[in-house]
Amino acid sequence: MNTKVVKMNEDKMNINAIEEAAIIIKGGGLVVFPTETVYGLGANALDDKAVSKIFEAKGRPQDNPLIIHVADFNIKEYIKELPFIATKLMEEFWPGPITFILNKSDIVPLTTSAGLNTIGIRMPSNKIARELILKSGVPIAAPSANISGRPSPTEVERCIEDLSGKVEYILGGEGSNIGLESTILDCTVEPPCILRPGAITLEMLKEVKEDIYIDPAVMKMPSKELKPKAPGMKYRHYAPKAPLKIIRGDLKKTIAKVNEIVQNCIDKEKTVGIIATEETKSCYNNGIVLSLGSRKNLDVIAKNLFECLRAIDDKNVDLILSESFDELGIGIAIMNRLKKSAGFDILDV
Ligand code: AMP
Ligand code: MG
């Protein structure tokens, strides 16, 4: 398949290209598009055949449901009922990086929801995404635009790398502003429950509703007793090709431990990539060091995380070591993605 790639800015949209891409969506094809969280791989959410192509192109497990993306608040058609708290939170945080799980109506095919009676809905704030949805005239089902298991793409070049030849159209924008997938909030239960942490943090949600909580399985290694409620959270995810180990604890001790492991690897002629920060990057004696940004701004760390995992993979290292972050605010989402990337391989120092 020939993939057409058109790059543009949110402030200088190429309306012709968006219209062409919308025709592809209406015709049952696949379009990659930018959002503020990560790039999405989209199809008409109400067309069961179009949606199956997403699973095929990504190699996505059939039991992992898709989020549908809308451009306005007219979502009644797609759901059975809208709880008061969901309305309140949508008014507060939409358009933006939060997905609401609600009971779905019959017009949303079971292929989209992977057999569930519920559906995730999000209104992105990215203007290119919104324009594409509006021009398509249908909700767009879109998981992240990567091959399943790989780190989600926050740059258009990474979508081209993973999906060129598998989709009809790639709309490129700038790098994703947030860089982590949306917060997922299950509103079919009371109190609502966070199934995946993201940039809309627990603290932000608690300002609107005090008794929201995080699915306890989210931050731990999935086990028989502790299964995450979002089907997708049970898979190894966001994984670079080389094994990743998180070194957790006091920064001084972290640096010493990383230097020790790197030296051992050098002795065995192995190369190591180090995921560091501005404050620590000059403290490592050897290894390929990439900085996620300053520890003073966790939003920037979040924005750079997936691109950093991919960039370090390009260096063909044998092992990746990463510093850890406090699990507060967006730090919860950063650590959730890092832990999953590492397959929960954490060394406490
Ligand atoms: P992605 O679009 O690649 O970020 O993945 C979507 C995530 O949303 C996956 O972890 C899914 O399991 C989760 N998800 C989507 N729909 C539902 C739903 N109806 N119930 C629970 N989790 C969902
Ligand atoms: Mg994904």
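Heads up: the structure comes first, above all this text.
Cut-offs and rules
Here, residues in each chain are numbered from 1, in the same order as that chain's written sequence. Whichever chain is written first becomes A and whichever ligand is written first becomes 1, with later ones labelled in order. Reporting of local features is limited, given that this is a predicted model, to residues whose pLDDT is at least 70; pairs of side-chain atoms are given and counted only at 80 or more, and all residues count toward the totals for whole chains, interfaces and linings. The side-chain numbers reported here are obtained from all heavy atoms of the structure, hydrogens and water having been left aside. Here a residue is near a molecule or strand as soon as one of its heavy atoms is found within 4 Å of it. Definition of a polar contact: a pair of N or O atoms within 3.5 Å, with one able to donate and the other able to accept a hydrogen when the atoms are protein atoms, and with sequence-neighbouring residues admitted only if both atoms are side-chain atoms. Per-residue and other accessible areas were derived by the Shrake-Rupley procedure at a 1.4 Å probe size, with only the shown protein chains allowed to occlude residues. With a 1 Å grid laid over protein atoms only, a set of points is called a cavity when a 1.4 Å probe fits there but cannot get out and a pocket when it is open yet has protein on both sides within 12 Å along at least five of seven lines; lining residues have an atom within 4 Å of a point. If over half the atoms of a molecule are within 2 Å of the grid points of a cavity or pocket, the molecule is regarded as sitting in it. Working definition: helices are DSSP H or I runs of at least four residues, strands are E runs of at least two. Numbering for both runs from the N terminus. Ten residue types, Ala, Val, Leu, Ile, Met, Phe, Trp, Tyr, Cys and Pro, are classed as nonpolar, four, Asp, Glu, Lys and Arg, as charged, and the remainder, Gly among them, as polar. Grid points are joined across faces, edges and corners, and a volume is the space filled by probe spheres set on the points.

Q: How should I be thinking about the site of ligand 1 in this particular structure?
A: Taken together, the neighbourhood of ligand 1 is formed by 19 residues, with Asn64, Thr118, Ile184, Arg196 and Gly232 sitting nearest. At 3.0 Å from a nitrogen atom of ligand 1 is found a side-chain nitrogen or oxygen belonging to Thr118. At 3.3 Å from an oxygen atom of ligand 1 is found a side-chain nitrogen or oxygen belonging to Ser144. The protein chains hide 95% of the 500 Å² of surface that ligand 1 would expose on its own. Judged by its atoms lying within 2 Å of the grid points, ligand 1 is housed in the largest pocket. Secondary-structure elements contributing two or more residues to the shell around ligand 1 are β6 (118-122) and β10 (193-196). Taken together, the residues of the shell around ligand 1 sort by class into twelve nonpolar, four polar and three charged.

Q: Please explain the layout of surface pockets as it appears in this structure.
A: To find leftover empty space, one rolls a probe the size of a water molecule over the atoms. Reported here for the largest pocket is a volume of approximately 690 Å³. Surrounding the largest pocket, 44 residues form its lining, Arg60, Pro65, Ile67, Ile184 and Arg196 being those nearest its centre. Its residues assigned to classes, the lining of the largest pocket comprises 18 nonpolar, 17 polar and nine charged. Around the second largest pocket sit Val70, Ala71, Asp72, Asn74, Glu77, Tyr78, Ile133, Leu134, Gly137, Val138 and Pro139, which together line it. Residue composition of the lining of the second largest pocket, by class: seven nonpolar, two polar and two charged.

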